[in-house]
Amino acid sequence: MRQIKLALIGYGRIGKIHADNILQMHGVELALVIDPLLDEDGQLFDSRTKTSKDIKVLTASREIDGIIICSPSIYHIDQIKTAATNTKNLFCEKPLALDPDEIAFIQELSIKQNLNLHIGFNRRFDPDFQKLKKDINDGVIGDIYQITITSRDPSPPSIDYIKESGGLFLDMTIHDFDMIRYLTNAEIDEIYAKGKCMVDPNIGNAGDIDTAMINMKLTNGIIASINNSRKAVYGYDQRIEILGSKGSLQVGNQLLHGVNKGTKKGFSSGNPKHFFIDRYADSYKLEMHNFIDTIKGKKVSYPSVNDALKTIAAGLAANKSLLKNKPIKL
Amino acid sequence: MINKDFQVGLIGAGRIGKMHAENIANNFPGVKLKSVADPSIDKEWFESLDIENCYTNPDKIINDDKIHAVLITSPTPTHINFIRKCAINKKHIFCEKPIALTVNEIKKVIDIVENENVFLQVGLNRRFDNHFQEMRKKIHDGSIGDIYTIHITNYDSFIPKFKFLHSSGGLLLDMSIHDFDMVQYLTGSNIKEIFVNGNVFIEPKLKEMGDIDTATITLELDNGIMCSIQNCRQTHYGYDQRIEIFGSDGLLLVENDHENLCFLITNNDTSRAKLKNSFIERYEKSFIAELNHFFECIQSDKKPIVGGSDILSAVQVAVAGQESLKQNLPQKVIR
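K.L.:
When you look at the sheet that holds strand E15 (residues 331-332) of chain B in this model, what are you seeing that I'm missing?
P.N.:
Within a sheet, each strand pairs with its neighbour through backbone hydrogen bonds, oriented either parallel or antiparallel. All names here are of chain B. The strand order across the open sheet built from seven strands is E12-E11-E7-E10-E9-E8-E15, with neighbouring strands paired in mixed fashion. Both outer strands of the open sheet, strand E12 (250-254) and E15, are each paired with one neighbouring strand and no more. Bridge count between strand E8 (residues 191-199) and E15: two bridges; the pairing is antiparallel. Bridged to Glu-193 within E15 is Lys-332. This element, helix H6 (residues 130-140), spans strand E7 (147-155), strand E11 (240-247) and E12 of the sheet and lies at about 165 degrees to E12.

K.L.:
Before we go on, may I ask you to explain the confidence of the model for chain B in this structure?
P.N.:
Summary statistics for chain B give a mean pLDDT of 95 and a share of 99% for residues scoring 70 or more. Of the two predicted TM-score estimates for the complex, the pTM is 0.93 and the ipTM is 0.91.

K.L.:
How do you make sense of the interface of chain A and chain B when you look at a structure like this?
P.N.:
A common measure of how large an interface is: the accessible area buried when the components associate. Listed as interface residues are 40 residues of chain A and, on the opposing side, 42 residues of chain B. Approximately 3,200 Å² of surface area, both sides summed, lies buried where chain A meets chain B, with 58% of it carried by carbon and sulfur atoms. Summed over the shared surface of chain A and chain B, the result is six salt bridges. Here Glu244(B) and Arg239(A) are joined by a salt bridge, their closest N and O atoms 2.8 Å apart. The interface formed by chain A and chain B includes 25 residue pairs in polar contact (both at pLDDT 80 or more). Looking at the side of chain A that touches chain B, the elements that each hand over two or more residues are strand E7 (144-152), strand E8 (188-196), strand E9 (211-218), strand E10 (223-229), strand E11 (237-244) and strand E12 (247-251) of chain A. Among the elements that line the side of chain A that touches chain B, the one with the most residues is E9(A), at six residues. Split into classes, the residues belonging to the side of chain A that touches chain B amount to 15 nonpolar, 14 polar and 11 charged.

K.L.:
Just to check I follow, could you spell out helix H8 (residues 171-187) of chain B for this structure?
P.N.:
Note that an α-helix has 3.6 residues per turn; residues three or four places apart therefore point the same way. All names here are of chain B. With 17 residues, H8 should reach 24 Å at 1.5 Å per residue; the first-to-last C-alpha distance of 23 Å fits that figure. Of all 17 residues that make up H8, 17 are buried, and the element is covered over most of its length. Residue Gly-188 follows H8 closely and has a positive phi angle near 70 degrees.

K.L.:
Explanation requested: the pattern of salt bridges in the structure shown.
P.N.:
Under the defined criterion, the tally for this structure stands at 45 salt bridges over all chains. The shortest N-O distance in the salt bridge between Asp176(A) and Arg123(A) comes to 3.3 Å. Separated by 53 residues along the polypeptide, Asp176(A) in helix H8 (residues 173-184) and Arg123(A) in the loop between strand E6 (116-119) and helix H5 (127-137) bring together distant segments of the chain. A relative accessible area of 2% places Asp176(A) in the buried class. Note on Arg123(A): relative accessible area 8%, which makes it buried. A salt bridge links Asp59(B) to Lys85(B); its shortest N-O distance comes to 3.0 Å. Placement of the pair is Asp59(B) in helix H3 (residues 59-62) and Lys85(B) in helix H4 (residues 76-88), with a sequence separation of 26 residues.

Criteria and cut-off values
- Residues numbered from 1 in each chain as written.
- Chains lettered and ligands numbered in written order.
- Predicted model: local features only at pLDDT ≥ 70, side-chain atom pairs only at ≥ 80, totals over all residues.
- Heavy atoms only, no water.
- Pairing = 2+ DSSP bridges.
- Helix = DSSP H or I, 4+ residues; strand = E, 2+ residues; numbered from the N terminus.
- Contact = heavy atoms within 4.5 Å.
- Axes fitted to C-alpha atoms, helices over the stretch in contact; angles between N-to-C directions.
- pLDDT = per-residue confidence, 0-100.
- Buried area = accessible area lost by both parts, 1.4 Å probe.
- Salt bridge = Lys/Arg side-chain N within 4 Å of Asp/Glu carboxyl O.
- Polar contact = N/O pair within 3.5 Å; in protein donor to acceptor, adjacent residues only side chain to side chain.
- Nonpolar A, V, L, I, M, F, W, Y, C, P; charged D, E, K, R; others polar.
- Expected span 1.5 Å × (residues − 1).
- Buried < 20%, exposed > 50% of the residue type's maximum accessible area, 1.4 Å probe, protein only.

So, in structure tokens, the structure goes:
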């Protein structure tokens, strides 16, 4: 069988994860990596990998089966337009864009050109959350009453990043909005958001918050809540809890190690993993396999432009709620 | 510690009244539970304990000169009248929360109790839970630095009978009130604003009453801390009682107690017992500790640490919460 040839745009932190994962896959080739800051030195990758500083190389590249876009989000829209002239199989990191009109434009383009456009909501592919989803669908806890997500970063990103990020709700909470929609099969109907700058006054000076609580109603009556922080000194705190008519499902943190220590001082054990790349390592591999499966023609579900649109709308509503201190209908 | 001739009475021998009566009999040899009043007393239960009198009329307790203190554990709507009568008859009072369902009634009760110079302790038993006390100590020791957020989960095992729900004052006054008090107790700061997101999933009849059986509540305190409270009337898996406090230097958690410590690990999975079934099992020690505090306060003539003003404060939050639920808007707590 012919090798699947992939191109990757944007060799930053997340681009490196995807590139490394692709290089380890069988039947898949990392044919091209594009990044303006990249040394044109194939040694970084595979002997078969071409590199380029300029996205224009795509128009001349034949036989590319899929393109993965991992550049900063302000470039996504233009790069999707360019990439779509080469192949209909596209994978774009979140957030697709911060402006709902731009996303709507991509949605139209996607329909018109019949694009197979995946969005990088990687957490959907996390094995723990997949098991959670399966148990929900199997009716293990009956009808859902409440869903709560705790999502705290170990430390805040740079102030420069925060300024470009679109703010906590669009940068961080967006994953949690998507997870709630994914797990419940419902849409967010109303959002009440409360947030503050508590961790670092520089974040506040940049116009953002670093600590938030979001309280939501979903379209089918479920009560959902999210707890976010930019800084949990003890690690990357990622938990989900769901209460239903027959019981509860909980996903706890993955720990750095499994050793419990007991001494005259008491007991101690490992902290949560510290880094999102470690916590969600499997999910990045699995989302890429899922993308490749669709290139091969398999019919599987994937996070789409519609999901990007719905989560951005939720983020914007949260911003508005924070500003007005009242619940906002979507 | 306690005089042998220290005699108390109990009004209302329902589930929690019986528990207090048994706690007195089993834990306080210096205290004599002399009389119990209840409109329909469980004879078999009464005879199993060494109690002198069993009345249907509570006035017989209130007018008994030999009785120093009265425990009021009757249904909430009856509390205020009994408290007033007890105070006028110079009895110290232990009353189950929420002592009354409106702010004005509670204020009146506080005035009466103060004028008559008797003690009123309110059954906010969770303050006497050793786990939460340790949590509070660690907060005050600065173990987690500045507090950013607090998260309380408070779920019942099984929804109570509709008759109880009907007279309970509703989810916010009956259940969440413990959580409002806990937040204020742990932080030493009052709740400033409340937003209640509630729904009816379990008992459809609650809808007609404007009540809910499930809620997620967002709070803000005077000192800026944000809190979330999760309430539900029914889990099936036990009485779910957790607190999480997130701060600049770490996290504090109080986890659940299970029915037993046994794990079964087979080729299929690892399993263990449900959580403890109800407040009676989970907070067993706290109910004894709160009575111990009440009796000690009376003996040493010191005011109990949890009284009228604490329940008033929590009820004010619940009342603002009811308004928030009605209007679907955050509400400032009126003090």
